[in-house]
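Below are the chains, spelled out letter by letter.
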Amino acid sequence: MTSATTYPQLTGEYTLDAAHSRIGFVARHAMVTKVRGSFNDFTGTATIDGDAPEKSSAQVTIQAHSIDTRNADRDGHLKSNDFLSMDEYPTITFTTTEIKQVGDTSFEVTGDLTIKDVTRSVTIPFEFEGSAKDPFGNDRIGFEGSTTISRKDYGITWNAALETGGVLVSDKVTLEFEISAIKNA
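Residues numbered from 1 in each chain as written. Predicted model: local features only at pLDDT ≥ 70, side-chain atom pairs only at ≥ 80, totals over all residues. Heavy atoms only, no water.

Visitor: In this structure, what is going on with the packing of aromatic side chains? I would like to understand it.
Guide: Ring pairs (aromatic) are described by centroid distance and by the angle formed between their planes. All told, the structure shown has seven aromatic pairs when counted by the stated rule. Considering the side-chain rings of Phe-25 and Phe-39, the 5.6 Å spacing of their centres and the 50 degrees angle between planes classify their relative orientation as tilted. Taken as a pair, Phe-25 in strand S2 (residues 22-29) and Phe-39 in strand S3 (residues 33-39) lie far apart in primary sequence, 14 residues in all. The two residues Phe-25 and Phe-39 agree in class, both being buried. Connected via pairs of aromatic rings, a cluster forms that spans Tyr-7, Phe-107, Phe-126, Phe-128, Phe-143 and Phe-177. (Phe/Tyr/Trp six-rings, centres within 6.5 Å; stacked < 30°, edge-to-face > 60°. Helix = DSSP H or I, 4+ residues; strand = E, 2+ residues; numbered from the N terminus. Buried < 20%, exposed > 50% of the residue type's maximum accessible area, 1.4 Å probe, protein only.)

Set out below in structure tokens:
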């Protein structure tokens, strides 16, 4: 684990390593179980200021068509106008507006999350998981975080009633981020 005193050495520009990162989500299904999925196509960059973390910034662009819940029919429905309307809104974006260090390795990352042309401010608690030089000479950093959003806030309102009461898909969706980034040479 990298201690807070070594943050200055992390200062620099980083590129998200999609092959070693995951952007996922969890939603309740039929009130009794959870469906997990992820987006397989995304890019991102970060500027880290190790001396003043609040001056750091990041942005991520997710290709909506890359949604993957391991079920082709469900993925097709999620891509449709009932949910993500990916033909009209092909990307989901997140751009930081504020970063606060709240513990030795804990950060609150606030930014604008845009889904289907609706932008809302979201705060994601992140843990700094450490830094390492990989076997290829790349300087890597890792962060993990998650937050819960209301899909209705983004105009994603489709649902179906259940005979037993309740609804097929929860309004609350947990977004999960496992991020590995490489320092630009």
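Visitor: Quick question: what am I supposed to make of the environment of Pro-53 here?
Guide: By the secondary structure assignment, Pro-53 is in the loop between strand S4 (42-48) and strand S5 (57-63). Overall, Pro-53 belongs to the buried group, its relative accessible area being 13%. In this structure, the C-alpha to C-alpha distance between Pro-53 and Phe-107, residues 54 residues apart in sequence, is 8.9 Å.

Visitor: Please explain the pattern of salt bridges as it appears in this structure.
Guide: Note that side chains of opposite charge can pair when their charged atoms are close. For the structure on display, the rule yields six salt bridges. The closest approach of N and O atoms between Glu-176 and Arg-22, which form a salt bridge, is 2.9 Å. Note that Glu-176 is positioned in strand S11 (residues 169-183) and Arg-22 in strand S2, a separation of 154 residues in sequence. Its relative accessible area of 18% is what places Glu-176 among the buried residues. For Arg-22, a relative accessible area of 24% translates into the label partly exposed. Between Asp-139 and Lys-133 there is a salt bridge whose closest N-O contact spans 3.0 Å. Here Asp-139 falls in the partly exposed class, since its relative accessible area comes to 32%. With a relative accessible area of 56%, Lys-133 lands in the exposed category. Where salt bridges share partners, they join Arg-22, Arg-36, Glu-176 and Glu-178 into one cluster. (Salt bridge = Lys/Arg side-chain N within 4 Å of Asp/Glu carboxyl O.)

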